[in-house]
Amino acid sequence: MQRITLIQPDDWHLHLRDGANMASVVSATTRCFARAIVMPNLKPPITTVAEALDYRKRICAALAPECHFNPLMTLYLTDNTSATEIAQIKDNEYIVAVKYYPAGATTHSENGVTDLQKVWSVLETMQTYDIPLLIHGEVTTANVDIFDREKIFIEQVLAPLLENFPDLRVVLEHITTQEAVDYIIGKNNKLAATITVHHLLMNRNEIFRGGIRPHHYCLPVLKREKHRQALLRAATSGNPKFFLGTDSAPHAQFSKETACGCAGMYSAPAALELYAEAFEQNQALDKLEGFASFYGADFYRLPRNTKKVTLEKRTWKMPTYFEFGKQKVIPLRAGAKIYWQQVQN
Ligand code: NCD
Ligand code: ZN
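Throughout, a residue's number is its position along its own chain's written sequence, starting from 1. Lettering of chains starts at A and numbering of ligands starts at 1, both following the order in which they are written. In view of the model being predicted, local features appear only for residues whose pLDDT reaches at least 70, and side-chain atom pairs are presented and counted only at 80 or more, with totals across whole chains, interfaces and linings using the full set of residues. The side-chain values count all of the structure's non-hydrogen atoms but skip hydrogen atoms and water molecules.

For two strands to count as paired, DSSP must find a minimum of two bridges between them. Numbering of helices and strands runs from the N terminus; a helix is a DSSP stretch of H or I covering at least four residues, while a strand is a stretch of E covering at least two. Read from one edge to the other, the open sheet built from eight strands follows the order E2-E3-E4-E5-E6-E7-E8-E9, with strand pairing classed as parallel. Looking along the sheet, the strands with just one partner apiece sit at the ends: strand E2 (11-14) and strand E9 (242-244). On average, each strand axis in the sheet is tilted by 30 degrees relative to the strand beside it, whichever way the strands run. Of the pairings in the sheet, the one linking strand E3 (residues 35-38) to strand E4 (residues 70-76) comprises four bridges and is parallel in character. Its bridge partner lying in E4, Ile 37 is registered against Leu 72. Any pair of residues with heavy atoms lying within 4.5 Å of one another is described as a contacting pair. Only C-alpha atoms enter the line fits that serve as axes; for helices the fit covers just the stretch in contact. Angles between N-to-C directions range over 0 to 180 degrees. The sheet contacts of helix H6 (residues 178-185) involve strand E7 (170-172), strand E8 (191-195) and E9, and relative to E8 the element is tilted by about 145 degrees.

Spelled out as C-alpha cells, the structure:
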C-alpha cells in the first residue's frame, strides 16, 4: 500500500458561506486543513473588521469541540472601503488580507471595485502596512472572450498595479493559464499564486463531456489542456510562489442545475486527495508537501503547522451529494472514484 505523510496543509482560498450552509460544509475542510483563508463574498459582503470577526466567531461556533481549525479572515474591497478601516488589519492576527473582486467578475462580486483609482489610498495603506492583496484576476469587459479574461487582466490591470505599488504583496488567486504562470515566475517574491485542484485535474472539455456539466462550471472557467499542463508544472515545480488554494465554493444543487447556474465547485470533501492524484500524474508526490503545507504559510509569514496527515492509495467512492443547510450540494467527483484517502495519524 502506497502511503504519503505530510505536515498538515492549509487552504489559502476557501468559500465557507454562512449560517446553516456553512455549518454543513466546514468539517469537509477541517478534516484535513489546519487553517484556511476564508473568502468574504457573502451577501452582503464582509467589508469591516467587526464583520470579519463576527463571521469568524460564527465559523468557530460551528466547529466540533475538539477541532482546532483556525479560520483566517479577509475583507472585501469595495469602491467605498476606507483606508482607516484597512489600517486596522495590521494589528489583527485573525484578519490577514484584503480581497479584490473586479465588480461583476464572479459570484457575489456586484459590490466589487469598479475602478482601482477609487481605492488608491487603500492600496497605499496596504503597501505601507504590508497587508496582502488577494486578486480575482479577470477583466469584466463584456467584449473580452471569457477564456482570455485572465490574460488580459494581467496585461491591463495587474502589471500597472504592481508598477504603481512595487512593495505591495499580492496573491493572484486560482490562476488558470500559462500566461499567469509565466508572469508569476518572472516577478519577485512579493507576487504569488494559488492553484485549485480542479484546474490541475480538468480542462475545459470537462464542462461539455457528453452534455453540459453545470458542476464543472467555475470562475475562472476551466481552460485548454496546454494551460492545465502549465499549471501542473508550476504546482509540482517546488517554486514557493505557487501554493494550495482550493477555491472550494459550494452552491445548492438547484442553483447549479438551472438555466443560469452559479459558478463554483465544491471540492473540499476530497481536496487533498485530489491534489495527491494531480501530483501523482506528474510523478511529483514528493513536491506535494511544499505546495500544500509550507509555501502558503511562508508567504503569509505564519508558522508552518507541526501535526501530520497521512494519505493512502486506496480507492473509494465520493457520495453523490452532501447536506447543505436545507438543500443539497453536489461535490466534485460525485458518485465517482477517488484514488487517495486520508487516514488517521
Ligand atoms: C466562487 C464562489 O462561488 O463564491 N465561485 C467560483 O467559481 N470560484 C467565487 C470565486 O472565487 O470566483
Ligand atoms: Zn474563490
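To continue, consider the environment of Ala 61. Within the element layout of this structure, Ala 61 appears in helix H2 (residues 49-61). Each C-alpha atom, one on Ala 61 and one on Ala 23, is 8.9 Å from the other, the two residues being 38 residues apart in sequence.

A few words now on the coordination of the zinc ion (ligand 2). Six octahedral donors around a metal ideally make angles of 90 or 180 degrees; four tetrahedral donors ideally make 109.5 degrees. Sites may look incomplete because water is not among the atoms; the donors themselves are N, O and S atoms within 2.8 Å of the metal, or within 3.2 Å for Na, K and Ca. Donor atoms from the polypeptide that coordinate the zinc ion (ligand 2) comprise His 13 (NE2), His 15 (NE2) and Asp 247 (OD), at 2.0 Å from the metal. If you look at the zinc ion (ligand 2), its four donor atoms make angles of 91 to 142 degrees with each other, and the shape they trace is irregular. Sequence spacing of the donor residues for the zinc ion (ligand 2), all on one chain, is H-x1-H-x231-D. In this pair, His 15 sits in the loop between E2 and helix H1 (19-30) while Asp 247 sits in the loop between E9 and helix H9 (253-256), placing the two residues 232 residues apart along the sequence. Like Asp 247, His 15 is buried. Any site counts as irregular unless it has four donors with all angles between 85 and 135 degrees, making it tetrahedral, or four or six donors with opposite ones more than 155 degrees apart and the rest between 65 and 115, making it square planar or octahedral. Type-normalised accessible area, obtained with a 1.4 Å probe on protein chains alone, sets the label of each residue: buried when under 20%, exposed when over 50%, and partly exposed for intermediate values.

Turning to the pairing of E2, a few remarks are in order. With two bridges connecting them, E2 and E3 associate as parallel partners. Paired with Leu 14 across the strands is Val 38, a residue of E3. Note on handedness: a clockwise path from strand one over the helix to strand two, with the strands aimed away from the viewer, defines a right-handed crossover. Remark: the E2/H1/E3 crossover connection has right-handed handedness.

A word on the nonpolar core. Throughout, nonpolar core names a set of buried Ala, Val, Leu, Ile, Met, Phe, Trp, Tyr and Cys residues whose side chains join them through atoms within 4.5 Å. Within the largest apolar cluster, 100 residues are counted, with the highest numbers of intra-cluster contacts made by Leu 133 and Leu 158. Among the elements that take part in this core, helix H5 (residues 149-164) stands out by supplying eight residues, more than any other. Setting aside residues no more than four positions away along its own chain, Leu 133 makes contact with Leu 77, Val 98, Tyr 100, Leu 123, Met 126, Leu 161, Leu 168, Arg 169, Val 170 and Val 171. With 18 residues, the next largest nonpolar core counts Trp 12, Val 96, Ala 97 and Tyr 295 among its residues.

Attention now goes to the environment of Thr 48. Here Thr 48 lies in the loop between E3 and H2. With relative accessibility at 21%, the residue Thr 48 sits in the partly exposed group. Residues Thr 48 and Ile 86, spaced 38 residues apart in sequence, show a C-alpha to C-alpha distance of 8.0 Å. Contacts of Thr 48, omitting those with residues within four sequence positions, involve Leu 75 and Glu 85.

We now examine the sheet that holds strand E13 (residues 337-343). Strand order across the open sheet formed by three strands is E1-E10-E13, with antiparallel pairing between neighbours. One side of each edge strand has no neighbouring strand; the edge strands of this open sheet are strand E1 (3-7) and E13. Each strand of the sheet is rotated relative to its neighbour by a mean of 35 degrees, with strand direction disregarded. The pairing of strand E10 (residues 308-317) with E13 spans six bridges and is classified as antiparallel. Counterpart to Trp 316 in the pairing with E13 is Ile 338.

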